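# Architecture and fold: a report
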Amino acid sequence: MAQYRRVSGSVGLITLQNPPVNALSASVRQGIVDSVKRALGDQKVKSVVICGQNGVFCGGADIREFGRQMSGPPLVPMIHDIEAANKPVVAAIEGSALGGGLELALGCHYRISHSKAKLGLPEVTLGLLPAAGGTQRLPRLIGVPAALNLITTGRHVTAAEALQLGILDHVTEHNTVDVAVKFALSVTGESLDGRRISSFSCAPLSDLDSLFEEAMLKARALQYFFFAQRAVGRWSTPSGARWDTSQPRPVRKAAVIGLGTMGRGITVALAQAGLSVVAVETHAKQLMEAKKAVPSMLKRGAVRGGTTIEPDSITYSETVQAVADVDLVIEAVFEDMALKEKVFQQLSIVCKPDTLLCTNTSSLDVDHLASQTRHPELVVGMHFFAPAHVMKLLEVVYGRRSSPAAVATAMQLGKKMGKVSVAVGNCRGFAGNRMLKRYLEQAFFLLEEGATPELVDRALEEFGFPMGVFRMSDLSGLDVGWRVRKADGLADTSLTGTSARVRQGCRYSPLGDLLCEHGRFGQKTGRGWYQYDKPGGRVAKSDPWLHNFLDEYRARHGLVPRCIDQQEVLERCLFVLINEGFQILEEGIAAGPEDIDAIYVFGYGWPRHRGGPMFYADMVGLERVVERLERYHQAHPNVPYLQPSGLLRRLVANGSPPIHKWRNVIKNRNSQL
Ligand SMILES: CC/C=C\C=C\CC(=O)SCCNC(=O)CCNC(=O)[C@H](O)C(C)(C)COP(=O)(O)OP(=O)(O)OC[C@H]1O[C@@H](n2cnc3c(N)ncnc32)[C@H](O)[C@@H]1OP(=O)(O)O
């Protein structure tokens, strides 16, 4: 329903009321129609404000009514009547204005929003089109390119972006309804001629063809990715093991060793998949915390998914002996080889001889861990991504001696947990983190050369990543990479002069190490590449300290900052990552480009509408990727990873076949070896 009342003498205030998000149910639409009629018929009312109760404007169509017989007034004429009104109508947007909610706001003459609100037309994500005027009013308001972007991606934009795009007239930090009422009073009696969006003409576009071509590219990428996602299930390994000839083992009871953040998430994912789980943590305090955290994670998941989990499906233990009868173990202890070795030695003694032993390591050597056990053929990596019960990606890492059945079992278990499981070979960082390393390095180098975290992040976010590389590092914690670099003997900030920026003969940037030495670990410490209002704060703000630090660093090393544009940011960060992807394909670490693309879309936020890094390379053109890499390598000869990989060059030499033919080129080469 909608509540109607007169406020401030002459403003008709219409409040949508349909918890939890004031969706446009039949009774809400009826309430709006009735209230608008009342406001327009009341001579005392000079202007109108539409808002939603409990800090949410409107979440769009009431999804609970989908599939039912349509009743109540239709939305299109309702919005048309609001727009045609002869009194100003102001939308006061708090929380969300999504789908039909934004279409309703677009029918109003003015839109005022709280700074924390999100707006968007997410219909495409529900298999719908914005059919209540969204496809007509939005392009007229903000132009075809921006509207096409919002409509085809369904993404939600912040109030700040919506203001910049021209969707909003004003953004406030204060009580939005109060601000809107005051505003409504101030525009009383003003002409509404220039305020009815459907009467606007669309700005003419000289490059309509290229715009639609871009939209078609997105469609191609999404269609490619639809099949890529399915292709990864048909896995194969260089030794000839395959999905259709390998028999997975049944897994009814599993164990998790180590109940830190990852271990807890994995425990929840296993329990949600219907397995009985033994959760082991040898530190009493950590075990106690996990015993509280895991059930509440499960409860939240059950509420969201509308499922029930047997509370006794998880048993907790302080000793590894408790895993004696399980079918599969996932080790998730601290990322330290000596510690993991010990765990695998213990498991090999305690477990049944046919128990599958898995490690959640994100980069350590799976073969080495396998060598600690009596049955190395039963050891595989199961690399989850944080939060493990939410993130869709699972890298299943086969070692030199992993049996086909072990790989098949881990792949099938991943599927049972609702993951997209991708089989990859064993190497430092596997596929995802190995490619990420190159991307991070380039981002650091760009800072040395004159870029700022803001510039780099903006370029990547405009490309489509939900977060740029520096914002993402702050979220995941700068200390994580620092620990790895220390273990690899790289993070040595005592070096001075030219040797400070060189390791093993290659260019190295110690910027991340230096930040960690200043105690700047990202969001958790309230300081990282950005500053936050408090430790654990989420809103990244530009930090003058960091900019001074970068200036001093460059001066100390005699680096003259230069202007770096977004194109260079994208090419340096993305092409080097793509190049590593080709290297991974060449080495047989991933079986095909689809595997890498699935890893990047599901694990690293690569925008799905760009199909994944390998598809993107195909779209850009392999010749161009080679040409740009060569040019950057010439400029930075001490960065060997900028040299185009052998496979990339061979594909170009073979006439740059389309992505679905790359496997043939890889296969031909391997058969000649
Ligand atoms: C006559 C029809 C005319 C026009 C049709 C127009 C087309 C559309 O409008 S299609 C719908 C477009 N809207 C959406 O896709 C919005 C989907 N919702 C969201 O994106 C989010 O829920 C959110 C609104 C941004 C809020 O997010 P968050 O704060 O994280 O909370 P959630 O846990 O996601 O949701 C809370 C609660 O609200 C329920 N809910 C959300 N949206 C709707 C909706 N449109 N209709 C009905 N219910 C909705 C959601 O299920 C949750 O309920 P629980 O009971 O707590 O599970």
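Residues numbered from 1 in each chain as written. Predicted model: local features only at pLDDT ≥ 70, side-chain atom pairs only at ≥ 80, totals over all residues.

A word on the overall build of the chain. Along the backbone of the chain there are 25 helices and 19 strands. Its C-alpha radius of gyration of 28 Å places the chain within 12% of the 26 Å reference for a compact globule of 673 residues. C-alpha atoms of the chain, sized along the principal axes, occupy 85 × 60 × 50 Å. Put simply, the chain has 673 residues, and 45% of those count as buried. (Helix = DSSP H or I, 4+ residues; strand = E, 2+ residues; numbered from the N terminus. Rg over C-alpha atoms; globule rule 2.2 N^0.38 Å. Buried ≥ 20, exposed ≤ 12 C-beta atoms within 10 Å, placed from the backbone.)

So, about the site of the ligand. The environment of the ligand is formed by 20 residues, the closest being Ala23, Gly60, Ala61, Gly99 and Gly100. For the shell around the ligand, a count of residues per class yields 12 nonpolar, five polar and three charged. (Near = placed C-beta within 6 Å. Nonpolar A, V, L, I, M, F, W, Y, C, P; charged D, E, K, R; others polar.)

Moving on: helix H9 (residues 261-272). For H9, with 12 residues, the first-to-last C-alpha span of 17 Å sits near the 16 Å given by 1.5 Å per residue. Summarising burial for H9: 11 of the 12 residues are buried, a large majority. Where H9 is concerned, the buried positions are Met262, Gly263, Arg264, Gly265, Ile266, Thr267, Val268, Ala269, Leu270, Ala271 and Gln272. Where H9 ends, the next residue or the one after it, glycine 274, has phi of about 90°, a positive value. (Expected span 1.5 Å × (residues − 1).)

Structurally, the position occupied by arginine 5 is in strand E1 (residues 2-7). You can call arginine 5 exposed: it has 10 C-beta atoms within 10 Å. In this structure, the C-alpha to C-alpha distance between arginine 5 and alanine 159, residues 154 residues apart in sequence, is 27 Å.

Another aspect to go through is the pairing of strand E13 (residues 328-331). Residues of E13 alternate between two faces, with Leu328 and Ile330 on one and Val329 and Glu331 on the opposite face, all of them buried. As judged from the four bridges shared by strand E10 (residues 253-257) and E13, these two strands associate in the parallel manner. By the bridge assignment, isoleucine 257 is partnered in E13 with glutamate 331. Where E13 meets strand E14 (residues 356-359), four bridges bridge the pair, whose relative direction is parallel. For leucine 328, the partnering residue across the bridge sits in E14 and is leucine 356. (Pairing = 2+ DSSP bridges.)

A separate point is the domain arrangement of the chain. On domain assignment, one finds that the chain holds domain 1 (2-199), domain 2 (253-428), domain 3 (451-557) and domain 4 (566-668). Between the C-alpha centres of domain 3 and domain 4 there is a distance of 26 Å. Each side of the interface is counted separately: domain 3 has 13 residues, and domain 4 has 12 residues. Going through the elements one at a time, helix H15 (453-463) and strand E19 (506-507) are the ones with two or more residues in the side of domain 3 that touches domain 4. Top element by residues in the side of domain 3 that touches domain 4 is H15. It accounts for five residues. When the residues that make up the side of domain 3 that touches domain 4 are grouped by side-chain class, the tally is 11 nonpolar, one polar and one charged. (Domains from an automatic or database assignment. Contact = placed C-beta atoms within 7 Å.)

Let's shift gears to the sheet that holds strand E17 (residues 420-425). What the eight strands build is an open sheet, ordered E12-E11-E10-E13-E14-E15-E16-E17; its pairing is mixed. What marks the edges here is a single partner per strand, and that holds for strand E12 (314-317) and E17. Strand-to-strand twist in this sheet, taken as the mean axis angle between neighbours without regard to direction, amounts to 25°. As paired elements, strand E11 (residues 276-280) and E12 share four bridges and run parallel to each other. Note that in E12 the partner of valine 278 across the bridge is threonine 315. With respect to the sheet, helix H13 (residues 404-416) is in contact with E13, E14, strand E15 (379-384), strand E16 (393-398) and E17, its orientation differing from that of E16 by roughly 175°. (Axes fitted to C-alpha atoms, helices over the stretch in contact; angles between N-to-C directions.)

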